Amino acid sequence: MNGSRIAAVGHYQPAKVLTNEDLAGLVDTSDEWIRTRVGIRTRHIAGPDEPVDELAAHAAAKALAAAGLTPGDIDLVLVATSTAVDRSPNMAARVAARLGIPSPAAMDVNVVCAGFTHALATADHTVRAGGATRVLVIGADKMSEVTDWTDRTTCVLVGDGAGAAVVEACAPAVPAGIGPVLWGSVPEMGHAVRIEGTPARFAQEGQSVYRWATTQLPPIARRACERAGLAPEDVAAVVLHQANLRIIEPLAHKIGAVNAVVARDVVESGNTSAASIPLAFSKLVERGEITTGDPVLLFGFGGNLSYAGQVVRCP
């Protein structure tokens, strides 16, 4: 079986920026309160005429262009999202239609905040098994659409956006660029992060998630590095799910990636759920903070109390 690699990445965020000061006009909060508790300063919010598949397609188009590929080169589209409004057609099919991708397999992956890393692993496994040659993997969420904007415990957290990666097969002689995934969940605690009801609304048990993420996940993330044949201190960057700066910083420290750039995109983007890892990763690449071949730990966690992580090589 061939390995796979990430050929290119891309990201997209809506133009509208919602600041902490703006939120203070909606609910009983302040810039200081928000920054102290979650570290967020701004977030991007999509308009009513900007559906999830449009956000996803913009990010995917940038990744395709960066890879020097055309829509016809893609044979599988995977979209990680938990904010699709309709059951069918799925987001992957809608993205394929927007981009003009002919006859791809098209599937959505709903693992909420860990969706992108699950989808990336699925793409890697599919390529290794010979089921696809080039895969478009997208994380996209419109969290503003499932948020109660009168609840200050959740509305200060969320943002909208999308990130994408093109995954392609490696030649047999070329080292794989996507390491083995380490994934799992705690189903009995799935109630800790929810998007449910009619209309659907995002809710979470913040303290339970914080304790779980900062105590249970560091050894799991270290094992993901070990599966790639690396020690945590060998990793050039760590891109965690951008949930909350108070989770990201202690988790990165406990992993032991002492020489790594730590993505902190949550400060300007908020929690964008499945979009957060590819969005933050793409920005690190765009800014030149990591370079081609650098080992990067991607680690998603959250909804369902699921997690998935792997070390990838920077495109």
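Structural data are supplied above this passage.
Quantities reported herein were computed from a predicted structural model and do not represent experimental measurements.

Caption draft 1: Spatial organisation of the sheet that holds strand S7 (residues 160–169). In space, the five strands of this open sheet follow the order S1-S7-S6-S4-S5, with mixed pairing throughout. At either margin of the open sheet sits one strand with a lone partner, and together these are strand S1 (4–12) and strand S5 (105–109). Each strand of the sheet is rotated relative to its neighbour by a mean of 20 degrees, with strand direction disregarded. Pairing geometry for strand S6 (residues 134–142) and S7, over nine bridges, is antiparallel. Within S7, the residue paired with Leu136 across the bridge is Val166. Strand contacts of helix H3 (residues 52–67): S1, S6 and S7, with the helix running at about 130 degrees to S1, the strand carrying the most contacts. In this fold helix H10 (residues 276–286) packs onto S1, S6 and S7, with an angle of close to 95 degrees to the strand it touches most, S1.

Caption draft 2: The side chain of Thr214, seen in detail. Here Thr214 shows up in helix H7 (residues 206–227). At 2.8 Å, the side chain of Thr214 and the backbone oxygen of Tyr210 are in polar contact. Aside from chain neighbours lying at most four places away, what touches Thr214 is Ile247, Pro250 and Lys254.

Caption draft 3: Local environment of the environment of Ser30. Structurally, Ser30 is set in the loop between helix H1 (20–24) and helix H2 (31–38). Expressed as a C-alpha distance, the spacing of Ser30 and Val156, which sit 126 residues apart in the sequence, is 9.8 Å. Among the polar contacts made by the side chain of Ser30, one reaches the main-chain amide nitrogen of Trp33 at a distance of 3.1 Å.

Caption draft 4: Structural view of the packing of aromatic side chains. The full count for this structure, using the stated rule, is two aromatic pairs. Their ring planes at 70 degrees and their centres at 6.5 Å tell us that Trp212 and Phe301 sit as a pair that is edge-to-face. A residue pair is termed long-range when its members are at least 10 positions apart, and Trp212 in helix H7 and Phe301 in strand S13 (residues 295–302) qualify at 89 residues. We note that Trp212, like Phe301, is buried. With a centroid separation of 6.4 Å and 40 degrees between ring planes, the pair formed by Phe299 and Phe301 is classed as tilted. Per residue, the accessibility class of Phe299 equals that of Phe301, and both read buried. A connected cluster of aromatic rings, assembled from ring pairs, spans Trp212, Phe299 and Phe301. We note Arg246 situated over the ring of Tyr210; from NZ or CZ to the ring centre the distance is 5.1 Å.

Cut-offs applied
- Residues numbered from 1 in each chain as written.
- Predicted model: local features only at pLDDT ≥ 70, side-chain atom pairs only at ≥ 80, totals over all residues.
- Heavy atoms only, no water.
- Pairing = 2+ DSSP bridges.
- Helix = DSSP H or I, 4+ residues; strand = E, 2+ residues; numbered from the N terminus.
- Axes fitted to C-alpha atoms, helices over the stretch in contact; angles between N-to-C directions.
- Contact = heavy atoms within 4.5 Å.
- Polar contact = N/O pair within 3.5 Å; in protein donor to acceptor, adjacent residues only side chain to side chain.
- Phe/Tyr/Trp six-rings, centres within 6.5 Å; stacked < 30°, edge-to-face > 60°.
- Buried < 20%, exposed > 50% of the residue type's maximum accessible area, 1.4 Å probe, protein only.
- Lys NZ or Arg CZ within 6 Å of the ring centre and 35° of its normal.

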